[in-house]
Structures are given as structure tokens and as C-alpha cells.
Amino acid sequence: PKHIKTVYFTVLLCYIALGLFLLSASEPLALLTIATNIMNFALGFSCFHTLVVNMTLLPKPLRPGWVARIGLTLAGVFFLTLAIITAIETIRSWS
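Residues numbered from 1 in each chain as written. Predicted model: local features only at pLDDT ≥ 70, side-chain atom pairs only at ≥ 80, totals over all residues. Heavy atoms only, no water.

Things to note about the overall build of the protein chain
Then comes step 1: Of the regular secondary structure elements, the protein chain holds three helices and zero strands.
Then comes step 2: Going from N to C terminus, the protein chain has its helices and strands arranged as α-α-α.
Then comes step 3: In terms of overall size, the protein chain is more extended than a compact globule, its C-alpha atoms giving a radius of gyration of 19 Å where 95 residues would be expected to give roughly 12 Å.
Then comes step 4: With respect to the principal axes defined by its C-alpha atoms, the protein chain has extents near 50 × 50 × 15 Å.
Then comes step 5: Within the protein chain, the fraction of its 95 residues that count as buried is 11%.
Then comes step 6: Taking the intrachain contacts of the protein chain between residues at least 6 apart in sequence as the baseline, contacts between residues at least 24 apart amount to 66%.
Then comes step 7: Entry remark: accessible area of the protein chain is about 7,600 Å², with carbon and sulfur atoms responsible for 79%. (Helix = DSSP H or I, 4+ residues; strand = E, 2+ residues; numbered from the N terminus. Rg over C-alpha atoms; globule rule 2.2 N^0.38 Å. Buried < 20%, exposed > 50% of the residue type's maximum accessible area, 1.4 Å probe, protein only. Contact = heavy atoms within 4.5 Å. Areas by Shrake-Rupley, 256 points an atom, 1.4 Å probe, with all protein chains shown as cover.)

Section: the packing of aromatic side chains
Then comes step 1: Enumeration over the complete set of coordinates arrives at two aromatic pairs.
Then comes step 2: Judged by centre distance (5.2 Å) and plane angle (75 degrees), the ring pair of Tyr8 and Phe9 falls under edge-to-face.
Then comes step 3: With a centroid separation of 5.2 Å and an interplanar angle of 70 degrees, the aromatic rings of Phe78 and Phe79 are classed as edge-to-face.
Then comes step 4: Given a relative accessible area of 22%, Phe79 falls into the partly exposed group.
Then comes step 5: Here Arg69 stacks its cationic end above the ring of Trp66, 4.6 Å away from the centre of that ring. (Phe/Tyr/Trp six-rings, centres within 6.5 Å; stacked < 30°, edge-to-face > 60°. Lys NZ or Arg CZ within 6 Å of the ring centre and 35° of its normal.)

Right, dumping it as C-alpha cells:
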């Protein structure tokens, strides 16, 4: 615990260096496309992860209702579908 400051700032400096390198090495629009697609995958995964965690770890009285379950499922399907379509189109455009 006493060295967490060193670990945290080392990771932060590496993150900053990587970000600056990527910004100088490629086009900003390409980075934006990649970052957006990664976030779509993350949102889709988060929807399903939240649903599974809520349905397995929460006691029955606190579990979400059917509307919330259906909403999380539809949102997860939407974001994962959007991410897959965008990834395929991005890869095709680079070829």
C-alpha cells in the first residue's frame, strides 16, 4: 500500500505516453473510430454483465423487474450489433 503512489503514477505516465504516441503516429479520425468501437463493445458487455450480476447476486426482492431486464438485454444486443457492424466495416475500409 505504501508504494501505490509509484505504481499509479507509472501507469498514468505510460498511458499519457501511449496516447501522445498514438496521436502523433496516426490520423485522429482513425483513433476516434477505434475508440468509439471499443466503447460500443464495452457498453454491450456491460449491459449483459449487469444483468447477470443482478440476477445472480441480488436477493429476489431486489432483483430488477421484467422491464429493466428486457431493456438491458435490448441495449446489450444493440451495442454489440453496432460494434460488430462497425468493426467489420472498419476492417474492410482498411483493406
